[in-house]
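Here's the letter readout for the chains.
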Amino acid sequence: DTAVSQTPKYLVTQMGNDKSIKCEQNLGHDTMYWYKQDSKKFLKIMFSYNNKELIINETVPNRFSPKSPDKAHLNLHINSLELGDSAVYFCASSHGHDEQYFGPGTRLTVT
Amino acid sequence: KQEVTQIPAALSVPEGENLVLNCSFTDSAIYNLQWFRQDPGKGLTSLLLIQSSQREQTSGRLNASLDKSSGRSTLYIAASQPGDSATYLCAVTRRGNQGGKLIFGQGTELSVKP
């Protein structure tokens, strides 16, 4: 019954590695998002996709590349990980501008 | 540029008290405002969504109000319980072509003491 799911929940990796985080929603929503929550707990939008089309790219380094294979999935691939990428990454979904539903988050730790 | 501010940053109250959390935003051209709850180490749970045309929304012991012209929203929690302890976040979406981009405040960390 999970509405928005993310895998993995925890990710520990070394600098320079490439990693991916997956997100799936079963709510039938047409819009999906990635948000980053930093060490001070501040949440900020990274990307937004509507019907598999990128509509928001919020000055995120191009080491971050989102991919939406279909409306129910939005994955985040990160190349050449840096210490500053350590954060909690949240996926969310909505129908257009309506209420957003968040996944449980992926805690990324770069050592 | 839209900025969202939440006051206070932290609040500690005894069980049973009614309390108000405040949220202000600088640009009144919002599409809607959403209140969330975040428990430590967990994701965000949506509490209430207020459309820009609405003045308030209620769910159980929670009541959220919106005054778009003054750029303010409040979240009222009645008869607080220890289980209400969490961080409460407000966020707005902007009218226009930026999809449903949520702009968040820093949150209010609430502690309800038994």
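Conventions used here
- Residues numbered from 1 in each chain as written.
- Chains lettered and ligands numbered in written order.
- Predicted model: local features only at pLDDT ≥ 70, side-chain atom pairs only at ≥ 80, totals over all residues.
- Heavy atoms only, no water.
- Contact = heavy atoms within 4.5 Å.
- Buried area = accessible area lost by both parts, 1.4 Å probe.
- Salt bridge = Lys/Arg side-chain N within 4 Å of Asp/Glu carboxyl O.
- Helix = DSSP H or I, 4+ residues; strand = E, 2+ residues; numbered from the N terminus.
- Nonpolar A, V, L, I, M, F, W, Y, C, P; charged D, E, K, R; others polar.
- Patch = residues over 30% accessible without salt bridge, like charges linked within 9 Å, V, L, I, M, F, W, Y side chains within 5 Å.
- Areas by Shrake-Rupley, 256 points an atom, 1.4 Å probe, with all protein chains shown as cover.
- Lys, Arg positive; Asp, Glu negative; His and termini not counted.
- Charge placed at Lys NZ, Arg CZ, Asp CG, Glu CD.
- Buried < 20%, exposed > 50% of the residue type's maximum accessible area, 1.4 Å probe, protein only.
- Disulfide = S-S within 2.5 Å.
- Pairing = 2+ DSSP bridges.
- Axes fitted to C-alpha atoms, helices over the stretch in contact; angles between N-to-C directions.

Visitor: Sorry if this is basic, but what is going on with the interface of chain A and chain B here?
Guide: On the side of chain B, 24 residues touch chain A, which itself brings 20 residues to the contact. For the pair chain A and chain B, the summed buried surface comes to about 1,700 Å²; carbon and sulfur atoms form 55% of the total. Inspection of the chain A/chain B interface yields 0 salt bridges. Elements with a contribution of two residues or more to the side of chain A that touches chain B: β4 (31–37), β5 (43–50) and β6 (53–57) of chain A. Sorting elements by how many residues they give to the side of chain A that touches chain B places β4(A) first, with 3 residues. For the side of chain A that touches chain B, the class distribution of residues is 10 nonpolar, 5 polar and 5 charged.

Visitor: Would you mind showing me how to read unusual backbone geometry here?
Guide: Glycine aside, the phi torsion of most residues is negative, and most peptide linkages are trans. Between Thr7(A) and Pro8(A) the backbone carries a cis peptide bond, its omega angle lying at -5°. Here Pro8(A) shows up in the loop between β1 (4–7) and β2 (10–13). Of note, the amide linkage connecting Ile7(B) to Pro8(B) takes the cis form, showing an omega dihedral of 0°. With respect to the helices and strands, the residue Pro8(B) is situated in the loop between β1 (4–7) and β2 (10–14).

Visitor: Would you mind going over a positive patch on the surface with me for this structure?
Guide: Positive charge collects at one region of the surface, where Lys9(A), Lys41(A), Arg107(A) and Lys42(B) lie side by side. Secondary-structure assignment places Arg107(A) in strand β11 (residues 106–110). A relative accessible area of 36% places Arg107(A) in the partly exposed class.

Visitor: Can you help me understand the side chain of Ser48(A) in this one?
Guide: Tracing the chain through its elements places Ser48(A) in strand β5. Once you skip the residues sitting within four places of it in the chain, Ser48(A) turns out to touch Thr31(A), Met32(A), Tyr33(A), Glu53(A), Leu54(A), Ile55(A) and Ile56(A).

Visitor: Looking at this structure, how should I read the state of the cysteines?
Guide: By definition, a disulfide links two cysteine residues through a covalent bond between their sulfur atoms. Inspection of every chain in the model, using the stated rule, returns 2 disulfides over all chains. A sulfur-sulfur distance of 1.8 Å marks the disulfide that ties Cys23(A) to Cys91(A). Handedness here is read from the sign of the S-S torsion; for Cys23(A) and Cys91(A), about -75°, the answer is left-handed. Of this pair, Cys23(A) sits in strand β3 (residues 19–25) while Cys91(A) is found in strand β9 (residues 87–94), placing the two residues 68 residues apart along the sequence. The disulfide partner of Cys23(B) is Cys90(B), and the gap between their sulfur atoms is 1.9 Å. On the sign convention where negative means left-handed, the S-S torsion of about 65° between Cys23(B) and Cys90(B) marks this disulfide as right-handed. A residue pair is termed long-range when its members are at least 10 positions apart, and Cys23(B) in strand β3 (residues 19–25) and Cys90(B) in strand β9 (residues 86–94) qualify at 67 residues.

Visitor: Help me out: how do you make sense of the pairing of β11(A) in this one?
Guide: Within a regular strand, side chains alternate between the sheet's two faces. Residues and elements named next belong to chain A. The alternating pattern of β11 places Thr 106, Leu 108 and Val 110 on a buried face, while none of Arg 107 and Thr 109, on the opposite face, is buried. Both β2 and β11 contribute to a ladder of 4 bridges, which runs parallel. In the strand pairing of β11, Leu 11 is matched with Leu 108. Where β9 and β11 come together, 3 bridges link them in antiparallel fashion.

Visitor: What exactly am I supposed to notice about the sheet that holds β1(B) here?
Guide: Residue and element names in this part refer to chain B. If you trace the 5 strands from one edge of the open sheet to the other, you get β1-β3-β8-β7-β6, paired in antiparallel fashion. At either margin of the open sheet sits one strand with a lone partner, and together these are β1 and β6 (56–59). The sheet shows a mean angle of 15° between the axes of neighbouring strands, taken without regard to direction. Relative to strand β7 (residues 62–67), β6 runs antiparallel, the two being bridged by 4 bridges. Residue pairing in the sheet places Ser 59 in a bridge with Leu 62 of β7.

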